[in-house]
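One-letter residues, chain by chain:
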Amino acid sequence: MKNISLIILAILSIQFAIGQTQDSTQVYKKRVLETAEVDFLSSYYAQDGDNAAVSGGIGTEELTDVTATFIISIPLNDDDVLTIDAGISAYTSASSSNVGPFDGNSPADPFVASSGASASDLWTNITGSYSRSSDDRNDIWSAKLSVSAEYDYFSVGVGGSYTKLFNEKNTEISINGNIFIDTWNAIYPTELRPFAEGGSGLSSDLFSQNTITGNTNYNPNFTTFDNEGRNTYALGFGFSQILSKKLQGSLALDVVQQDGLLSTPFQRVYFSDIEDSFIDNFQLADDIERLPDSRFKIAVGGRLNYYINETFVVRTFYRYYTDDWGIKSHTASVEVPIKLTDKFTIYPSYRFYNQTAADYFDIYEGHLSTDEFYTSDYDLSKYSANQSSFGASYTDIFTKFHIWKLGLKSIDLKYTQYDRDNTLSANIITAGFKFVMD
């Protein structure tokens with residue numbers, strides 16, 4: 001939420017009436033948002049690694065994603081703002097293409113992308129939010145509604161927040177809540193589908209048209225999920241305090257409860273006590289990831305920002321996270337914006353992250369078929385990650401440059417290098433453009 005200073009002009013109008021004088025005071029206030037603003041955000045993301053969850057903890061994790069987002073903020077009156085956020089994300093993934101590794105013309109291999117339908121997809125989202133500020137700008141309420149869709153899921157979300165400023169706006173407290181109702185359209189690995197209830201097993205076209213090597217008596221004990229819904233309930237609390245002219249601190253607490261289908265239906269698992277079966281170089285799944293249908297998460301963190309002088313600011317952040325799946329993590333970051341001129345700022349940053357493994361994680365062929373829950377998704381493994389970024393921003397408060405009726409207010413560009421100690425690495429380029437309506 002924006003902290004907007006209150007400007008009140010009191011004009012004393014003296015009216016004369018017979019036998020008395022009456023004073024009246026009229027209050028004027030600054031609009032929360034003077035004019036409509038348009039933000040265009042875009043990003044390019046590319047990653048690679050050798051621990052694909054789709055192929056049971058081995059295989060290529062190559063993926064590219066391009067995202068574009070438009071955010072339009074419209075002042076409805078002095079106090080109310082309507083914001084529309086619409087985004088689309090297009091990805092191609094060698095990893096997810098191997099949901100159906102036998103769809104392509106080349107021999108199936110976990111380290112080679114398939115040409116199947118799951119090799120690429122679109123994610124779309126639209127969110128509408130409404131915020132209202134009190135006359136003295138010390139109370140801010142907001143509500144939002146969102147809809148997201150992808151080839152295998154659909155999500156609806158509702159949320160709201162309340163922010164209170166006091167102590168001459170030096171102190172701020174906030175509370176926010178969100179609910180997301182998701183529905184999966186569960187997609188399972190190709191070779192397991194014939195073994196679901198009512199399937200034809202080894203008599204299916206997949207096995208009659210391909211030769212099984214290794215254990216030729218491939219017969220997984222596979223069942224589909226009965227429940228394909230997932231609900232997420234999130235509650236957050238925030239506290240911010242200006243500690244001095246140069247120092248500001250904040251604390252945040254977030255609590256999340258998830259229920260329903262928390263497993264990813266197309267992520268394979270291989271058991272150490274079952275003999276391996278193959279088609280070409282691709283090992284046939286023993287089962288899919290199976291995780292508990294409930295997860296409780298809690299995170300607590302804080303920020304401390306210090307203004308050194310007109311050129312340098314130091315921004316620090318720390319967060320501790322834990323959940324009932326056994327993961328505990330620490331995140332620490334520092335960013336140092338450097339103001340080169342009135343319009344140009346650069347901001348190098350560094351972020352460190354590490355976590356313990358979930359109770360249900362094990363490596364490729366690390367699980368037993370007698371286990372109740374299992375996953376080989378390295379997002380749930382023990383790992384450490386380093387992230388280095390360099391950004392630059394341009395700000396023109398007078399919006400001299402125009403495109404049609406839009407004045408360019410700011411440009412932000414950022415490059416990020418991300419590396420995990422389990423072979424995953426990624427490069428991210430982001431760009432943001434803010435315009436104001438004339």
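So, how was this worked out
- Residues numbered from 1 in each chain as written.
- Predicted model: local features only at pLDDT ≥ 70, side-chain atom pairs only at ≥ 80, totals over all residues.
- Heavy atoms only, no water.
- Helix = DSSP H or I, 4+ residues; strand = E, 2+ residues; numbered from the N terminus.
- Buried < 20%, exposed > 50% of the residue type's maximum accessible area, 1.4 Å probe, protein only.
- Areas by Shrake-Rupley, 256 points an atom, 1.4 Å probe, with all protein chains shown as cover.
- Lys, Arg positive; Asp, Glu negative; His and termini not counted.
- Charge placed at Lys NZ, Arg CZ, Asp CG, Glu CD.
- Phe/Tyr/Trp six-rings, centres within 6.5 Å; stacked < 30°, edge-to-face > 60°.
- Lys NZ or Arg CZ within 6 Å of the ring centre and 35° of its normal.
- Pairing = 2+ DSSP bridges.
- Core = buried A, V, L, I, M, F, W, Y, C linked by side-chain atoms within 4.5 Å.
- Contact = heavy atoms within 4.5 Å.
- pLDDT = per-residue confidence, 0-100.
- Polar contact = N/O pair within 3.5 Å; in protein donor to acceptor, adjacent residues only side chain to side chain.
- Salt bridge = Lys/Arg side-chain N within 4 Å of Asp/Glu carboxyl O.

1. Side note on the overall build of the protein
- A count of helical and extended segments in the protein gives two helices and 25 strands.
- When its C-alpha atoms are laid out on the principal axes, the protein stretches across 105 × 45 × 45 Å.
- The 438 residues of the protein split such that 42% are buried.
- Only carbon and sulfur atoms are counted for the fraction: they give 57% of the accessible area of the protein, which is about 23,000 Å².
- Between the mean site of the 31 positive side-chain charges and the mean site of the 56 negative ones, the protein shows a separation of 15 Å.

2. Re the packing of aromatic side chains
- According to the stated counting rule, one finds 16 aromatic pairs in the structure shown.
- Note on Phe102 and Phe282: the rings are 5.8 Å apart at their centroids and 75° apart in plane angle, and the pair reads as edge-to-face. Of the two residues, Phe102 is situated in the loop between helix H1 (94-97) and strand E6 (120-133) and Phe282 in strand E15 (residues 282-283); the sequence distance between them amounts to 180 residues.
- Three or more aromatic residues joined by ring pairs form one cluster here, namely Phe40, Phe70 and Phe433.
- Sitting over the ring of Phe225, Arg290 keeps its end group 5.2 Å from the ring centre.
- Sitting over the face of the ring of Tyr383, Arg420 holds its NZ or CZ atom 4.1 Å from the ring centroid.

3. Quick notes on the sheet that holds strand E10 (residues 212-214)
- Pairing within the open sheet is antiparallel, and its three strands lie in the order E10-E14-E15. If you trace the sheet from one side to the other, it starts and ends with E10 and E15, each paired once.
- Pairing of strand E14 (residues 277-279) with E15, which is carried by two bridges, proceeds in the antiparallel orientation. By the bridge assignment for E15, Ile279 is matched with Phe282.

4. Digging into the nonpolar core
- Counting residues in hydrophobic clusters, the biggest one holds 21 residues, and the most contacted among them are Phe102, Phe207, Tyr218, Phe222, Ile279 and Leu284.
- Once you skip the residues sitting within four places of it in the chain, Phe102 turns out to touch Ala108, Thr190, Glu191, Leu206, Ile279, Phe282 and Leu284.
- With nine residues, the next largest nonpolar core counts Ala299, Tyr321, Tyr360 and Leu380 among its residues.

5. Points about the confidence of the model for the protein
- Chain-level pLDDT for the protein is 91 on average; 92% of the residues reach the 70-or-more range.
- Of the regions scoring below 50 in pLDDT, residues 1-27 engages in 42 contacts with residues more than four places distant in sequence or in other chains.

6. Structural notes on the environment of Pro337
- Relative to the helices and strands, Pro337 is located in the loop between strand E19 (328-335) and strand E20 (338-339).
- As for Pro337 and Tyr383, which are separated by 46 residues in sequence, their C-alpha atoms are 29 Å apart.
- Beyond its immediate chain neighbours, meaning those up to four positions away, Pro337 contacts Thr311, Phe312, Val313, Arg315, Thr345, Ile346 and Tyr347.

7. Examining the side chain of Thr232
- Along the polypeptide, Thr232 turns up in strand E11 (residues 229-242).
- A distance of 3.3 Å separates the side chain of Thr232 from the side chain of Gln258, its partner in a polar contact.

8. Describing the pattern of salt bridges
- Evaluated as defined, the whole model comprises 13 salt bridges.
- Put simply, Asp78 and Arg31 hold a salt bridge, and the shortest N to O gap is 3.3 Å. One end of the pair, Asp78, is in the loop between strand E4 (63-75) and strand E5 (80-93); the other, Arg31, is in the loop between strand E2 (20-28) and strand E3 (37-48), with 47 residues separating them in the sequence.
- Residue Asp78 is classed as partly exposed on the basis of its relative accessible area of 28%.
- Taking the relative accessible area as the measure of exposure, Arg31 reaches 26% and is therefore partly exposed.
- Among the ionic contacts, a cluster of salt bridges with common partners joins Glu37, Asp39, Lys409 and Lys434.

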